[in-house]
Amino acid sequence: MLNFFPQQYGLRVRKGWKYHATGLPGQVETLFQYASADGSEELFAIAAGDLYDVTAGGVVGAPVLTGFTNNRWQSQMMVNVFGSFLSMVNGFDKPQKYDGTVWTDQLLTVPLTETLNINDLIYVTTAHRRLWFVEKDSGNAWYLGIDEIEGELTRFGVGEVFQQGGFLNNIITWSMDSGQGMRDQTVFISSQGDVAVFQGNDPDTALEFNLVGVYRTGAPVGRRSVIKYGSDVLILCEDGVVPLTSILSQTRVLMAKPLSEIIQLRLSNAITLHTALFGWGLLEVSRHQLLIVNFPEPITPRQFVMNTDRG
């Protein structure tokens, strides 16, 4: 269906659009939100190497930060006893930190025995109250201490367990029932589709953070290719939009079909033709029961959409 959205009792036409912020100097390639513990929210956009506050909308004023060499950032919120913080990295510029008032370079160091260019950190997320980072073009993950927003990083190499080679693409936590209640697993996904699942909360201790298994799916499409989906994880990959639970199924009988099954041919063709383009991504909008796949077709960028309530 083109420009229709399925609801419980019929269809509605896709809603329209309007400008929120204008006067930006170029294409916006990153849009992200800061949400503090007191309930306040701010919206930021990055275009032409500059960061703008677009919370209020209208014509934008002067940029908040300038001089970035890359507009494609990944960000992560963290709240600790000192406040609410946003961490963001792009693999080219210094990591940035925002505390709701001031933007600063995020102070990250490594032990003398390790080698890392901090600007090479390209992905950030949280797992078990720690910030985790991905070093670009490598199999290395790096993490901070519990509840820390800055400090000394510890390396955690996972490239050795990736059976198909490639680099570390994403990190995400996944909740599962181990028979003794729900437990969070830490999942490392390679650029070739290897999915390494680690169990435990403390990566500093081998006995408390061990490899459960390495599974296989299609290669993920872009850095923004994984999201939480209830207690599950969805991966946008060459196989479609795939729930992590189906990848980890032990038999073909239990293996679920991709959520994108009914448009799989269309999606597969798009991925085959345009997998190298920036802009692929998954997004869930719970308020409107939307699961969105951003599809950067060169002439007309599109979105594939599913009603999460109706499937």
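The notes below deal with the structure included here.

Procedures and definitions
- Residues numbered from 1 in each chain as written.
- Predicted model: local features only at pLDDT ≥ 70, side-chain atom pairs only at ≥ 80, totals over all residues.
- Heavy atoms only, no water.
- Buried < 20%, exposed > 50% of the residue type's maximum accessible area, 1.4 Å probe, protein only.
- Helix = DSSP H or I, 4+ residues; strand = E, 2+ residues; numbered from the N terminus.
- Arc of directions from axis to C-beta.
- Contact = heavy atoms within 4.5 Å.
- Pairing = 2+ DSSP bridges.
- Axes fitted to C-alpha atoms, helices over the stretch in contact; angles between N-to-C directions.
- Phe/Tyr/Trp six-rings, centres within 6.5 Å; stacked < 30°, edge-to-face > 60°.
- Salt bridge = Lys/Arg side-chain N within 4 Å of Asp/Glu carboxyl O.

Some details on helix α2 (residues 264-274)
Among all positions in α2, only Gln-264, Leu-267, Ala-270, Ile-271 and His-274 are buried. Along α2, the residues classed as buried sweep out an arc of 130° about the axis, all on the same side. Exposed positions of α2 whose direction lies more than 90 degrees from the buried face are Leu-265, Thr-272 and Leu-273. Next to the buried residues of α2 lie β23 (232-237), β24 (240-243), β26 (290-295) and β27 (302-307).

Comments concerning the environment of Leu-282
Residue placement: Leu-282 occurs in strand β25 (residues 281-285). For the pair Leu-282 and Val-293, spaced 11 residues apart in sequence, the C-alpha separation works out to 4.9 Å.

With respect to the sheet that holds strand β17 (residues 154-157)
Pairing is antiparallel across the open sheet formed by 4 strands, whose spatial order is β13-β14-β15-β17. In this open sheet, the two edge strands, each paired with only one partner strand, are β13 (121-127) and β17. Each neighbouring strand pair of the sheet contributes to a mean axis angle of 30°, computed without reference to strand direction. Where strand β14 (residues 130-135) lies against strand β15 (residues 140-143), 3 bridges are found, and the strand directions are antiparallel.

Examining the packing of aromatic side chains
With the rule as written, the count across this model stands at 19 aromatic pairs. Arranged with centres 5.9 Å apart and planes meeting at 85°, the rings of Trp-132 and Phe-156 form a pair that is edge-to-face. Taken together, the positions of Trp-132 in strand β14 and Phe-156 in strand β17 put the pair 24 residues apart, joining distant regions of the chain. A centroid spacing of 5.4 Å and a plane angle of 85° characterise the contact between Phe-188 and Phe-198, whose relative ring orientation is edge-to-face.

Observations regarding the pattern of salt bridges
The full count for this structure, using the stated rule, is 10 salt bridges. Lys-136 serves as the salt-bridge partner of Asp-120, at 3.9 Å between the closest nitrogen and oxygen. Pair noted here: Asp-120 is in the loop between β12 (108-109) and β13 and Lys-136 is in the loop between β14 and β15, with a separation of 16 residues, a long-range link. For the salt bridge of Glu-297 with Arg-302, the shortest nitrogen-to-oxygen distance reads 2.4 Å.

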